[in-house]
Structure formats: C-alpha cells, structure tokens
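Take a look at the letters that make up each chain.
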Amino acid sequence: MSYLEYQAKYVPTGFRKLIYLNWPVIVLLSAVACAGFIMLYSVAGGSATPWMEPQIRRFALGMVLMLVVAMVPIWFWRNMAVLAFLVSILLLVAVEFVGVERNGSRRWLDLGPMDLQPSELAKITLVMLLAAYYDWLPANKTSRPIWVFLPVCFILIPTYLVLSQPDLGTALLLLMGGGAIMFFAGVHWAYFATVITAGISVIVAVFQSRGTTWQLLKDYQYRRIDTFIDPANDPLGAGYHITQAKIALGSGGWTGRGFMQGTQSRLNFLPEKHTDFIFTTLAEEFGFVGGIALLSLYVLIIFFCVVSAVTNRDRFAALLTLGIATTFFLFFSVNMAMVTGLAPVVGVPLPLVSYGGSAMLVLLVAFGLVQSAHVHKPR
Amino acid sequence: MKKPQRDTEESTRRLSRRALLLGSVQLGIAGTLAWRMQSMQVEQADQFRLLAEENRININLIPPARGLIFDRNGLALAENEQNYRVVMVREAAGDVQETLDRLTQIVDIDPDDIARAVEEMNRRSPFVPVTIADRLAWEDVAQININAPALPGITAEVGLSRHYPWGADVAHVVGYVGPVSDYDLSRIDDQDPLLQIPKFQIGKTGVENKLEHALRGSAGTKRIEVNALGRVMRELDRQEGIPGQDIQLTLDGRLQSYVQARLDGESAGVVVIDLENGDLRAIASAPAFDPNLFVRGISVKNWTELNENIYRPLAAKAVQGTYPPGSTFKMVTALAALEGGVISPDETVYCPGYTNVAGTRFHCWKRGGHGNINFHESLKQSCDCYYYEVSQRIGIDKMAEMARKLGLGIRHDLPLSAVAQGLAPDKAWKRDVRSEEWRIGDTVNASIGQGYVLSSPLQLAVMAARIATGRVVTPRLVKSIDGIEQPSGLGESLGLNENNLRRLRQSMTAVSNHRRGTAYRSRIVADGMEMAGKTGTSQVRRITPEERARGVTRNSDLPWERRDHALFVNFAPVENPRFAVAVVVEHGGGGSSAAAPIGRDVTLQALYDGDPPLEAYPTADRGRIAEQQERIRQRIIPGGRAQDRA
C-alpha cells in the first residue's frame, strides 16, 4: 500500500491520533514496569538507588520515545526498515572492534552517558526488515526457494554477529523471532519442518562436537547445559545460580514471604538479582500469586498485540506487530523458563522488569512501532 | 504495483490463521510456565522454604560457664578468669600492616603471633575476626581501647578461661582442664555438641575430670542469620545454656597449702581426715606442678621437665602411690590377734633380736632384742618379733580381713584420677594372682607391713581414722554439688571390741608420748591436744646377710631411690579425736625422724586451724619451729589473693 492508498482510507491526524493509541497495551506496559520498579527497590534493600531511580527515568524517556514513534505514520517506518537494519548491522560490526567487554563477552558500545547494546536494536530492525520484505513481496512468491533464501540471509547475518560476541541467548531470540515472521508471512510448512529437523541435527552435532577440535560452543556454555540437565552436579559452582534461584522461587509459596522479606535475595544468595534473576525475587516475595499476576500481564500484552495485528489490513503493520509481540514473548518466556529451571541459563533479561540500559529503551521504541501500526490502521 | 484483490485477501486470512495458531502456542507455553510455578511454589514450597532457611540460618553454640570449685571455706580453687584477647577484622582495618605496626607500639605482642594472625586473615574472608593475641593484661586492653580511633578493625574481646589461683598446691586434687583433643573424643562416649567447639576446655585429671559432667553445664544456642558470604547479619534468637554446677570440696585450702609448703623438698604424700564426717581436709602430694601450665596446652619443654623428674611431680602420691606400710601395719596385726583372742594383752613374747621361722631368720629392728615384751610395749617400741609371733598364731587371712575392715587393700571411691587399691594379701590372692601357695614366711613379713602388703597414704589415714573412732569412716572429698550437701563419711560401728580398740589407742598414745616411744620426739605437749601415732620405716630392698654382718648401713649413705620409706600415722587429740593424718615420705629414711615431725606439724595446723602456739611443741623444738613457721608463711599461697581478685 502506498501513501495515497492510506489517504484513501480514514487515518487519524494530529491530536486525534492519541485517541487511537492502543491504550490497553500502554497501561499493561506501565503496570509491568511498575512491578519492576518495586522489585528493584526491594533488591536494593529498600532503596531507590542504585537501580530504581535510573530505571524510572529510563522508562519515562522510553514512554516519550514510544509516543513519538507512534505519532509518525507507519509507512515512514516501512520506508526506513532497510536503512535501520543496515545501521544496526554496522553497529554490530563496530562492536566486534570497539565494543566494551564484560564478563567475557563483547556486547556493548560505549556512547558516553549510556551503553548501547546493538544486538537489542538488531532484534527490532530485523523484524522491521522482514515485515517490509514480505509487504513488498507478492504473496504468490512467498514460498519460492529464492525468496525464502533471501530473508534467511537477513536473519543469519545479525545472528552470526551476535553469536560471535558471544551472546547465545540473543542469537536464539533473533533466529526464533525471524522465523516467526516468516511463518506469519505464509512461508510453506515444509521449510519449517526442514529447519526444525536441521535444528535437531545441529543440537546433536553440538553435543557430538564437545571436546573435539571443532567444538561448536564455548566451554562455559557447555557447562551451563550440563548444569541445566543436572544442577546438583555442581551445586557451588555453575549450578549455584540456578539452585539458589529455584530455592528462592519455591520458598515463596502461595503468597510469598512479603515485600522486602525474601531472604534469598536480601542475603545475596541469589545471583544477578536485579537483572536476569529478578523474577525469582518477585516470586519469592510475592509468591505464586505475584508470579502469575506478572505472567498474566505479559500474556495480555501479547493478546492485545495479536488482536491489533489480525484486525490490521496493512500487511507490514500486521507483520511488524506480530513480530515484535513474538520477540517480546520470547524474551519473557525464555527468562521465566530459565529461572524456573525449565531452560538453560542463557542470560536473557526479563523485559521491562530487569534493570538494564538500552534494553528497555529499545523495547519501548519497538512498542512505539506497534502503536504506530495501531494508530495508522486503515479503517 | 497493484496486487490482485483475491490474493491479498487470501494472504491476510492466512496471516490471521497463523497468528492465532502461534498465539495459541504462546498461550500454551505461558500455561506451562504457570504450571511450573505452581508445582514449585505450591506443591514443593515446604522443601524450598526449608532449603532457604538452611541457607540463611546458622546455629552457633554458646559455651556455658564452667562450674567453680571451692574449698570447704568457700575459697575458689578453680575459677573462670576473664581472658582478654585482641581480635582484628581485616576489612575494617584499612591498611592491615600499618594498623598492626601501631598496635605493636602500644602493646607488646610476639611477632610470631602477628605473622600467624596475618596469615590467617589472608586465608579467611575479610570480615572474619581473627585473634591476634590473647591473655592480655587489663592495662593493655585499656591502652587498646583508648587508642581505638588509631586502630581501626581492632577490638579487645573478653572470654572465660580456667584459672587455678592456688597453683601447684591443689594440682593433684582439682586437676586441670585443657583443650579437647582428638584422643579425648575417641576415648569418651559423649555426644555433647560442646565438644565439637575447637579448643573447648574439658577436665583432664582430678576432680575437673571426674566431675566433668556436673562442672560442664550444657550448651546454649543462638540462631544467627548469615548472608551468602557467611557474614553475620543478625541474631535471630538465643537460648541460654545451663552453667556448670559449682562444687565445694572438703579440702581446706589453707591447710592444703600449708602441707604442700611443709613438704617442700620432699617426695611425699600426706592425707588429713576430719573424723567427724570423713572429710578430706588435705590431700597433699609433693612435689607438685602448676596446673595453669596445662590449661592452654603445655609446652614440650615444661612437659619433658615434669615427666622426667625422678620425684614424679605429676603423680598424686597421696592417693595413687602405694608403699609397704611397714610398722604402721602392726595395728592391723595386733587388732586381728586381739580380736581373734590368740593373745592376751598382758602376755609377753621373748624378743632376742630375731625369730627363726621355717628355717629363715627374721630380724627385729633392734639388734640386741627387746627381751620379754607385752602388747603395749611392743607397739610403743615397735618390736618386730612380737608381731612375727602373733601373726603366726592368727594367720594371714584374719590379718587381711582386719586390714580391709580398717580400709587397707580396698579402693576408696573418690573423684580423683587414680585411686590406688593397694594390697592386703591373703592366701587366695597369692593362689589366684601368683599361682603359688602361701608360705608362713609371707605371713611373718606381712605382720610388720613388708612383703606383699601395699597401701597408700589415703588408706593409712583411713585406717588411723577408723581406729580412732571405731567406726567406718569413709573419706569424702566432695562436700556439696550445686549447693546440695553430699552424704557424710561417718558410718556404722566397725563391730570391734571396744576394749581392744582402747588398748590399741593407748599404745599408740604411748608411741608419741612416752619417753621410749618411737615418736616421742615428735610429741605434742599442749594440754588436751596430745596425739596418738605409729611410725613406720619400710624397706624397699632386701638386706643381705653380708650387709647385716657389716652392721646396718646408714640410710644417708645409700642412693636416694634405695633408702627406706618413712611413714607416720596418727590421730589427735587422744581424747575426742578430731583428725587422722597419714604421712609417707618416699625414701625419707626413718619414720620417727622423717615422717613423724611432718605428721605432728600438720596435725597441729589442723587442730588450731592455723599456726599453733609454740607452746604446743616441746621446749627444745620451739626455736626451730618458729623459724620453720615463718619460712612456710612466706611460701604459702594465700587463699585471700583469690578473694581479692573476685
């Protein structure tokens, strides 16, 4: 669809756009962010510093950015998709050379006042590019091999760069997020069946390669997998994190131990309690009820996004919305699976709740795109 | 470009279908997460809660204060001393080396201790307090507190440590405590968790060891919350332990100290029994050792010194040492004979200076013999031949029976490390233990307390006490535990003929009051304080006929370990006796010269509860005694010192 086609339909303009924002999503995002503020206050031992205050500032900034992005017509973003993707690829390449290294992986660019994690950006720009691609591609060519090969390349380029940082978690999210858009766009089942089969083969290969000269993963990643399979075999070393996380979560019980009463987090038994493992603190202090409440908020956000997407006749907007929603879903579900011991510890933060610099801004900008798609829905 | 409408509609429908499909899958995954949370937080919540509690809660033991040990007058014999130590927390100290340098300028600390502490600090977490030095003087602690601002991370702490204010004087009775060792743990069947505390002090010998259970008390606990690094966050709750029970001994600290001082230079054992209730007023063994050396663990040098000393300072000779009782055993032989009716008191026996029995010649100590001698004179002059004769008449079994009745050859039940049983031999014993038949010569030897007969100073004192009272006097060392008075040691009548006992006591009185008595020189002249006694000199070697032919070798010409043991038992006053005393001086020579003076001095100290007036001594002795009293006064460890400190 072109700009002129949009003009043919009714599209809100000016301040009227505010009315057409996807308000339930805004409210839900704020609610999740508030849960995050409360938990950051708690894990700091009842203090706004060092985590809650910067997080609130960042959230406020992110909301402003989201609204700004939402006000810009969706076709502008479609036109920007290729450029945005190229920029993020460039940034990922830059990380390879001038990135800041922490904990053995090089993921960050030092931008003065804050650090930027280009892989965060890549998750969104990849979704934008693929959505624009399938909007441009005639529907009858969707499943032709050559037109399938192209988006696969789009996915693999940032995936490879992220994997080399190394950041296994984000690489998997890129793969799965990209794959989801191809699925939404209508690529034939057979491709997915093939990829899944291949994926299983790769997993087998990964395990087979262990200890050989062509070892595919780093040692620490293998150890994490070992620990995942049986955390008890190294309770004080690699398994300590997940063991303590499970103790924290499980000891919460029905209603939790009370705000700021979680012994596991307060006494530092929990690792990374303000970032990747913040959900365990929440589950420890607010129990099953609190955990389910947060999970419900996440599920509702996905629900409203999917509703927005399936009612949107603009193909780019629909694919974009679904892609971002799926990425969001992958974020929180992988994190929760990780801290409940259902998935290996891959280092994925809990979206909007974990303390994190660029992650929250990028996420809110992405939801700005979702809002833009919603606002400029052809009616 | 314009796409066909139908194609667009189809792709939109497919998109919606697939969106709903993947949405459902996502909902399924979310459901799985919810189920997982439910199983962990609801079904397994209790297990995880327990694990969380185990994580954060450490249970620490609070050692109870050990019970104190007092003498009969309430003077502390073993007390808990405040032990000041200086500890350092690395993380609070800033520059560790600089702080330690400043500390050593203020307080004198062994550089080795400093090095050891630094090494330990580097090994452990920075917040763990490490002891730099202990047993500091109060002045040092004050200095550290005053200079606290210049000594970050350094604090003075106070703990309790055992201390024996009387030092060596009560060492053998009270014993000592020491850090619990692996050997202790393997030897004793005790589940008390206190024993797992490193360096926890338990009783090793003496009363400290035997009454450990009462003295120790039971542990309190405190539950503390720790964080992941083990840092203590707060104390959750505390359950106070039960302090150990205080024990009062029958010992008279002052008298005990006097006896130890009086025995200075000797290798000897002395026991003083209160005849009213069997209370042991003094149990002295010399030489002694300082039990405080053992409290923290004794040095190899000190240990070697104590262990290789030929006078055996570690042995509690008064209860553990056994010696041939010599002539002090004659009371047993005499009483057995009188009770058995084999001799009447007035009947005389002829003493030519020796007696031939079964082809062996047994000599009397007096070469020329005593001539015709009756019971009274035989005991007073300690004629051996008289007892050779009556023992053959009464037989060894009756003698052994009488010995046991009087407290010899039986183990008296005292809470001390090694209480000797001694030996009152009889025919059955020799058959069972030595697989030999009893011979008449054995009886003759035993009649004068030689041969197989062995007894400890404690047993001899009990014998004197039973003769003096005619009743079963059982020695009592513990007066009260936790304020509860223990049963008196004064028992039933011995069931002996009172006339026989009276005659025996009269003869013993003569020993130390008649001019020809063997202990006449050690008499008491104060009115109403006279004592009755019996000397003994027991051989530790056999005198060969050649030696005898050369004439009796003087004891002082022999090496120390071959000289005779000197013994003396007595009770006083003769009328209404209050104390019985036994003295054994190892290789001291003659009983009348080496043991009897000690017996008299000790008896007088007990009777007067302090230094007796010089008038109690024979005129000729007074000058010497005055000097001796003055010398010992200087040497006695005053019990008052302990009180001042408290």
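Quick caveat: nothing in here was measured; it's all calculated off a predicted structure.

Caption draft 1: Spatial organisation of the overall build of chain B. Secondary structure summary: chain B contains 26 helices and 23 strands in total. Taken against the 2.2 N^0.38 rule, which gives 26 Å for 646 residues, the C-alpha radius of gyration of chain B at 37 Å runs more than 25% over that of a compact globule. Considering only C-alpha atoms, chain B reaches an extent of 160 × 60 × 45 Å along its principal axes. Out of the 646 residues belonging to chain B, those deemed buried represent 51%. Of the contacts made within chain B by residues no fewer than 6 positions apart, 72% connect residues no fewer than 24 positions apart. When the accessible surface of chain B is summed, it comes to about 29,500 Å², and 48% of that surface belongs to carbon and sulfur atoms.

Caption draft 2: Main features of the overall build of chain A. Scanning chain A from N- to C-terminus turns up 15 helices and three strands. Against the 2.2 N^0.38 benchmark of 21 Å for 379 residues, chain A shows a C-alpha radius of gyration of 21 Å, consistent with a compact globule. Principal-axis analysis of the C-alpha atoms gives chain A an extent of 65 × 50 × 40 Å. Split into buried and exposed, the 379 residues of chain A put 55% on the buried side. Here the contacts in chain A between residues at least 6 apart in sequence split such that 71% fall between residues at least 24 apart. On chain A, roughly 15,300 Å² of surface is accessible, and the fraction owed to carbon and sulfur atoms is 71%. Once the 24 positive and 18 negative side-chain charges of chain A are each reduced to a mean point, those two points are 10 Å apart.

Caption draft 3: Unusual backbone geometry, seen in detail. Of note, the amide linkage connecting Q165 of chain A to P166 of chain A takes the cis form, showing an omega dihedral of 0°. Counting through the fold element by element, P166 of chain A comes out in the loop between α7 (145-163) and α8 (168-185). Of note, the bond from A572 of chain B into P573 of chain B is cis; its omega dihedral lies within 30 degrees of zero at -10°. As for its placement among the helices and strands, P573 of chain B is situated in the loop between β22 (565-572) and β23 (579-585). Phi is positive for M260 of chain A, which is not a glycine, with a value near 65°.

Caption draft 4: Main features of the sheet that holds strand β1 (residues 100-102) of chain A. All names here are of chain A. The sheet built from three strands is open, its strands ordered β1-β2-β3 with antiparallel pairing. Looking at which strands have only one partner, the edges of the open sheet turn out to be β1 and β3 (115-116). When β1 meets strand β2 (residues 105-110), the two strands line up antiparallel, connected through three bridges. Looking at the pairing, E101 lines up with R106 of β2. Helix α5 (residues 74-98) rests against β1, β2 and β3 of the sheet, and its axis sits at about 105° to β2.

Caption draft 5: Main features of helix α20 (residues 440-447) of chain B. Residues and elements named next belong to chain B. The buried fraction of α20 amounts to six of the eight residues, a majority that puts the element mostly inside the structure. Residues of α20 that are buried: G441, D442, T443, V444, A446 and S447. The inward-facing, buried residues of α20 contact α15 (330-340), β14 (354-357), β15 (360-363), α17 (384-394), α18 (396-405) and α19 (427-434). Just past α20, the residue G449 takes up positive phi, approximately 70°.

Caption draft 6: Seen up close, the confidence of the model for chain B. Residue and element names in this part refer to chain B. Here chain B shows a mean pLDDT of 88. Residues at 70 or above account for 96%. Counting contacts from residues 639-646, a segment whose pLDDT is below 50, to residues more than four positions away or on other chains yields ten contacts. Note on the complex model: pTM 0.72, ipTM 0.89.

Caption draft 7: Representation of the packing of aromatic side chains within the structure. Here the structure, examined in full by the defined rule, presents 29 aromatic pairs over all chains. Summarising the aromatic geometry, the rings of Y298 of chain A and F332 of chain A are spaced 4.4 Å apart at their centres and angled 10° between planes, so their arrangement reads as stacked. Here Y298 of chain A, found in helix α13 (residues 278-310), pairs with F332 of chain A, found in helix α14 (residues 315-339); they are 34 residues apart in sequence, far enough to count as distant. Across the pair, exposure class does not vary: Y298 of chain A and F332 of chain A are buried alike. Ring pairs connect the aromatic residues F85, Y133, Y134, W136, W147 and F154 of chain A, which therefore count as one cluster. We note R18 of chain B situated over the ring of W189 of chain A; from NZ or CZ to the ring centre the distance is 4.9 Å.

Caption draft 8: Up close: empty space enclosed by the protein. Residue and element names in this part refer to chain A. What the rule picks out here adds up to six cavities of 30 Å³ or more. As for the largest cavity, its lining consists of 13 residues, of which L350, P351, L352, A359 and M360 are closest to the centre. The leading source of residues in the lining of the largest cavity is helix α15 (residues 357-375), at three residues. Across the lining of the largest cavity, the residue classes tally to ten nonpolar, three polar and no charged.

Caption draft 9: Summary view of the environment of V602 of chain B. All names here are of chain B. Of note, V602 is situated in helix α24 (residues 591-608). Residue V602 is classed as buried on the basis of its relative accessible area of 0%. Taking C-alpha positions, V602 is 24 Å from P291, a pair spaced 311 residues apart along the chain. Setting aside residues up to four positions removed in sequence, V602 forms contacts with L255, Y258, V259, V270, V272 and V581.

Caption draft 10: Spotlight on the interface of chain B and chain A. Listed by partner, the interface residues are 40 residues for chain B and 53 residues for chain A. A combined buried area of about 4,100 Å² lies between chain B and chain A, and 67% of that area is made up of carbon and sulfur atoms. When the buried area of chain B at its contact with chain A is split by residue, L15, R18 and Q41 of chain B rank highest and sum to 18% of it. If you look at where chain B meets chain A, you find two salt bridges.

Caption draft 11: Up close: the packing of helix α6 (residues 118-136) of chain A against α8 of chain A. All names here are of chain A. Interaxial distance between α6 and α8 falls to 10 Å at its minimum, and their mutual angle equals 15°. Taken as axis vectors, α6 and α8 run roughly parallel relative to one another. Note on packing geometry: the crossing formed by α6 with α8 is right-handed. Residue-level contacts link S119, A122, K123, L126, V127, L130, A131 and Y134 of α6 to T170, L173, L174, G178, I181, M182 and A185 of α8. Partitioned by chemical class, the residues of the contact of α6 with α8 number eleven nonpolar, three polar and one charged.

Caption draft 12: Representation of the sheet that holds strand β9 (residues 232-239) of chain B in the model. Residues and elements named next belong to chain B. If you walk across this open sheet you meet the three strands as β1-β8-β9, and the pairing is antiparallel. With one partner strand each, in any of the chains shown, β1 (57-62) and β9 form the two edges of the open sheet. Each adjacent strand pair in this sheet contributes to an overall mean axis angle of 30°, direction not counted. In terms of strand pairing, β1 meets strand β8 (residues 220-226) through six bridges, oriented antiparallel. Paired with I59 across the strands is R223, a residue of β8. Taken strand by strand, helix α2 (residues 45-56) contacts β1, β8 and β9, and its axis lies near 50° from that of β1.

Caption draft 13: How the structure looks around the environment of E437 of chain B. Along the chain, E437 of chain B falls in the loop between α19 and α20. The contacts of E437 of chain B, once residues within four sequence positions are left out, are K430, R431 and D442 of chain B.

Caption draft 14: Representation of the side chain of R505 of chain B in the model. All names here are of chain B. One can find R505 in helix α22 (residues 498-511). When its relative accessible area of 15% is taken as the criterion, R505 is described as buried. Those residues within four positions of R505 in sequence are excluded, and the remaining contacts are I467, A468, T469, G470, E498, A532 and F571.

Caption draft 15: Local environment of a nonpolar patch on the surface. Residue and element names in this part refer to chain A. A grouping of V152, L156, L172, L175 and M176 is seen on the molecular surface, where their side chains present a nonpolar patch of about 390 Å² in accessible area. Put simply, the parts of the chain that give the nonpolar patch at least two residues each are α7 and α8. Among the elements that make up the nonpolar patch, the one with the highest residue count is α8 (three residues). The residue V152 is located in helix α7 in this model.

Caption draft 16: The nonpolar core, seen in detail. The biggest cluster of nonpolar side chains holds 119 residues, and the ones touching the most others in it are L294 and F367 of chain A. Broken down by element, this core gets its largest block of residues, 18 residues, from α14 of chain A. Excluding its chain neighbours within four sequence positions, the residues that come into contact with L294 of chain A are V32, A35, F279, L282, M336, L350 and V353 of chain A. Counting residues in each nonpolar core, the second largest holds 99 residues, with W166, V349, A468 and L496 of chain B among its members.

Caption draft 17: Just the packing of α15 of chain B against α17 of chain B, in detail. Residue and element names in this part refer to chain B. Packing of α15 against α17 brings their axes to within 9 Å, and their N-to-C directions diverge by 45°. Of the possible angle classes, the one that applies to α15 and α17 is oblique. In this structure, α15 meets α17 at a crossing whose hand is left-handed. Contact with α15, carried on its side by K330, T333, A334, A336, A337 and G340, involves D384, Y387, V390, S391 and I394 of α17 and no other residues of that element. Tallied by class, the residues present in the contact of α15 with α17 amount to six nonpolar, three polar and two charged.

Cut-offs and rules
Residues numbered from 1 in each chain as written. Chains lettered and ligands numbered in written order. Predicted model: local features only at pLDDT ≥ 70, side-chain atom pairs only at ≥ 80, totals over all residues. Heavy atoms only, no water. Helix = DSSP H or I, 4+ residues; strand = E, 2+ residues; numbered from the N terminus. Rg over C-alpha atoms; globule rule 2.2 N^0.38 Å. Buried < 20%, exposed > 50% of the residue type's maximum accessible area, 1.4 Å probe, protein only. Contact = heavy atoms within 4.5 Å. Areas by Shrake-Rupley, 256 points an atom, 1.4 Å probe, with all protein chains shown as cover. Lys, Arg positive; Asp, Glu negative; His and termini not counted. Charge placed at Lys NZ, Arg CZ, Asp CG, Glu CD. Pairing = 2+ DSSP bridges. Axes fitted to C-alpha atoms, helices over the stretch in contact; angles between N-to-C directions. pLDDT = per-residue confidence, 0-100. Phe/Tyr/Trp six-rings, centres within 6.5 Å; stacked < 30°, edge-to-face > 60°. Lys NZ or Arg CZ within 6 Å of the ring centre and 35° of its normal. 1 Å grid on protein atoms, 1.4 Å probe; cavity = no way out; pocket = protein on both sides within 12 Å on 5 of 7 lines; lining within 4 Å. Points joined across faces, edges and corners; volume = space filled by probe spheres on them. Nonpolar A, V, L, I, M, F, W, Y, C, P; charged D, E, K, R; others polar. Buried area = accessible area lost by both parts, 1.4 Å probe. Salt bridge = Lys/Arg side-chain N within 4 Å of Asp/Glu carboxyl O. Parallel < 35°, antiparallel > 145°, perpendicular 65-115°, else oblique. Left-handed = near helix turned anticlockwise from the far one by under 90°. Patch = residues over 30% accessible without salt bridge, like charges linked within 9 Å, V, L, I, M, F, W, Y side chains within 5 Å. Core = buried A, V, L, I, M, F, W, Y, C linked by side-chain atoms within 4.5 Å.

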